[in-house]
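# Remarks on the overall topology
Chain by chain, the residues:
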Amino acid sequence: MPLFATKSIDELIKCSEEPTHRLKKSLGPWALAFLGVGIVIGSGIFTVTGTAASGKLKDPGLLQATVLDIALHGREAASTLGRPGAGPALIVSFGMVLVACLFAGLCFAELASMIPIAGSTYTYAYAILGEIFAWIIGWDLILEYAVANMSVAVGFSAYLQDLGDNLFGIHLPNAIAYPMFPAPGSTAGVYNLPALLITMAVTWVLVRGVRESVNANTTMVFIKIAAIAIFSLGAMRAINTANYHPFAPHGLAGIVSGASIVFFTYIGFDAVSTAAEECRRPQRDIPFGIIATLIICTILYGSVSIVLTGIANWKTLDPNAAVAVALKNLGYNRIRLIVSAGALTGMISSLLVGQYGQARIWFAMSRDRLLPAMFGKVHKVFRTPYIGTWIAGFLVGIPAGLWDIDTFAELTNIGTLFAFIVVAASVIVLRRKQPDRPRSFRVPLVPLVPILSIVCCLILMMGLPLLTWVRFIVWLLIGLVIYFVYSRHHTSGELAANERE
C-alpha cells in the first residue's frame, strides 16, 4: 500500500548522489560537533533557563495545567496558575534531560551512520516505518525547527536591547522592540523588529554556502563558550546559598515541568544528524558529533544553572534574558556586557544551525515529492537549497516578531520529544527487519535502551501544558489534510510510473 510504502536505504543513498540533488560534502567530525554545540548553546542557556526555574503564570484552567498535574490531581489541576518552576532544582531538571538525550542520542547515532541522508528523523521513518509515518514526522520537524528558531530570534532581540542599554544607553521604542502578544506581565509592543532582521541575515549567510556557514558558526561557538566561562567564574563569588532553599519549591512536578522546558536546550544533536549528507565520513563522524555535543553542553549547562540559581532568587529570574538581568541586579555590568555579547553571538550561531536543519528537512521532503519541487531546488553556484532556505527564513522571521519565548519553547519541545520517540522505535524495528545490515555504530542493549528513551520522552511530554498538546495535535491534523490532498497523489504517481517502467 502506498500509504505504508518504504524506501530502500540503498536507493535513498543512490538518489542523494544524483547531480541535480547532490549536496557538497565538506564537514568533518569537529565541524559536526561545533554544529551541535552551535544550536544547543544559545537556543536555551541564555533564554529558557529563567522561565524553567521560575515557572510561568497563566490564567487558571484545565488547558493551562500540565498533563502530569492532570494525571496526579484530576480536575483539581484546573485551579493551577500555570506551569510550576523547578527553582534551584533546575540542575536536577538538566540531569533528567541529559539521561533522556543520551538514550535518544545513541539511537540517532546508529540510524544516522546507517542512513547518511539529509532529513534526519523524517528520512529514517521513510526508510523504516513507511510514507505516512515519514510525512507525520516531517511535518512535526517543520514545527520543531520553526518554533525553536522563532524562540531564539526573540531571545536575541531581548539580549540586543540589554547590550544597547548597557553599552550605549540606547533604548529601542517599545513598538519595534517587543511582540504584540507577550508573556503575562511582560511589555507589549507592535512588532519585534530585531527578531525578524536577524533571521533574514542568517538566511542570507546560509544561502551563500555550507562551508561558509560552518566556519562562521565555529568562530561564534568559541566566543560564546568563553562568555559562559566568564559568567560562571566571575559571578561565582556572588552566590548566596540561601537562594538554594527551598531546593525544589514545587517538588517533582516543578522538576519535571522544568525539564520539559530545558529539554529545548538539548536539541542540537538532532541538527547534527540533518548534516549527514554533507559529511565526508558520516559512518564515523556523525556518532562522534552527537556524543561530543552532549558531553560539552552538559558541562556548560551544569555550571550556568548552579551559578544562576545561586546569585538570584529563582522567583526573580527574567524569562527572556535571565543571565543578563541577574548580573544587572548585582551591578556586575562589566561581566554583563561580556555575557550579553557572548549571548548574542551564541544565538546567532544557534539560529544559523536551526535554519540550516529546517531547510534540509524541507529539501528531503521535496526530493521525495511530499512537498513542491521548489523546496528541493539547488543553487547552481552555492549548491544549497536556496529557495527553501529563503522561504524558511520568512516563515520563521515574521511570526518571531509577534509572540513570546515560552509559547515557542513549549511547542518545540513536544515536537522534538515526539520525533525522538519515532527514532527510538525505528531502531527496534530496523534491528528486526534488517538484522544483518552493516552498522558502524550500534546502540547497546537493544531493545532496552530505545524503550528507556521512549519512556523518558513520554515523561517529559507530560510536563507540558495540555494546551500545548492540543496545539500539537491540531498541527498534525492540518498536516494530514495536506498529505491526503496533495502529497499522497504526487508520491503515488511516482510509484505508479516506476512500476510501469
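Just above, that's the structure.
Residues numbered from 1 in each chain as written. Predicted model: local features only at pLDDT ≥ 70, side-chain atom pairs only at ≥ 80, totals over all residues. Heavy atoms only, no water.

Within this structure, the stated rule accounts for 12 aromatic pairs. Consider the rings of Phe108 and Tyr124, whose centres lie 6.4 Å apart with planes at 70°: the pair is edge-to-face. Of the two residues, Phe108 sits in helix α5 (residues 90-114) while Tyr124 sits in helix α6 (residues 121-128), which places them 16 residues apart along the sequence. Exposure class is identical for Phe108 and Tyr124. Each is buried. Seen in terms of ring centroids, Phe418 and Phe472 are 5.6 Å apart; in terms of plane orientation they differ by 65°. Their pairing is edge-to-face. (Phe/Tyr/Trp six-rings, centres within 6.5 Å; stacked < 30°, edge-to-face > 60°. Helix = DSSP H or I, 4+ residues; strand = E, 2+ residues; numbered from the N terminus. Buried < 20%, exposed > 50% of the residue type's maximum accessible area, 1.4 Å probe, protein only.)

It is worth spelling out unusual backbone geometry at this point. Cis peptide bonds are those with omega within 30 degrees of zero, and the linkage from His245 to Pro246 qualifies with -5°. Tracing the backbone shows Pro246 in the loop between α10 (210-235) and α11 (251-262). For the peptide bond that leads from Val446 to Pro447, omega is 10°, which places it in the cis range. Relative to the helices and strands, Pro447 resides in the loop between α17 (405-433) and α18 (448-462). One non-glycine residue, Leu445, lies in positive phi territory at about 55°. Take Leu445: it is sitting in the loop between α17 and α18.

A packed helix pair is summarised by two numbers, namely the angle formed by the two axes and the spacing between the axes. Between helix α2 (residues 29-40) and helix α13 (residues 282-311), whose axes approach to 8 Å, the crossing angle comes to 40°. Relative to α13, the element α2 lies oblique. The chirality of how α2 crosses α13 is right-handed. Across from Pro29, Trp30, Leu32, Ala33, Gly36, Val37 and Val40 in α2, the residues of α13 making contact are Arg284, Asp285, Ile286, Phe288, Gly289, Ala292, Thr293, Ile296, Cys297 and Tyr301. Among the residues making up the contact of α2 with α13, the classes are represented as 12 nonpolar, 3 polar and 2 charged. (Axes fitted to C-alpha atoms, helices over the stretch in contact; angles between N-to-C directions. Parallel < 35°, antiparallel > 145°, perpendicular 65-115°, else oblique. Left-handed = near helix turned anticlockwise from the far one by under 90°. Contact = heavy atoms within 4.5 Å. Nonpolar A, V, L, I, M, F, W, Y, C, P; charged D, E, K, R; others polar.)

Where charged atoms from two side chains of opposite charge approach closely, those side chains can pair. This structure, assessed with the given rule, holds 2 salt bridges. Here Arg439 makes a salt bridge to Glu110, at a shortest N to O gap of 3.2 Å. With Arg439 in the loop between α17 and α18 and Glu110 in helix α5, this residue pair connects regions lying 329 residues apart in the sequence. Summarising the burial analysis for this pair, Arg439 and Glu110 share the class buried. (Salt bridge = Lys/Arg side-chain N within 4 Å of Asp/Glu carboxyl O.)

Bringing the environment of Ala175 into the picture now. Relative to the assigned elements, Ala175 resides in helix α8 (residues 174-177). What Ala175 contacts, discounting residues up to four positions off in sequence, is Gly189, Val190 and Tyr191.

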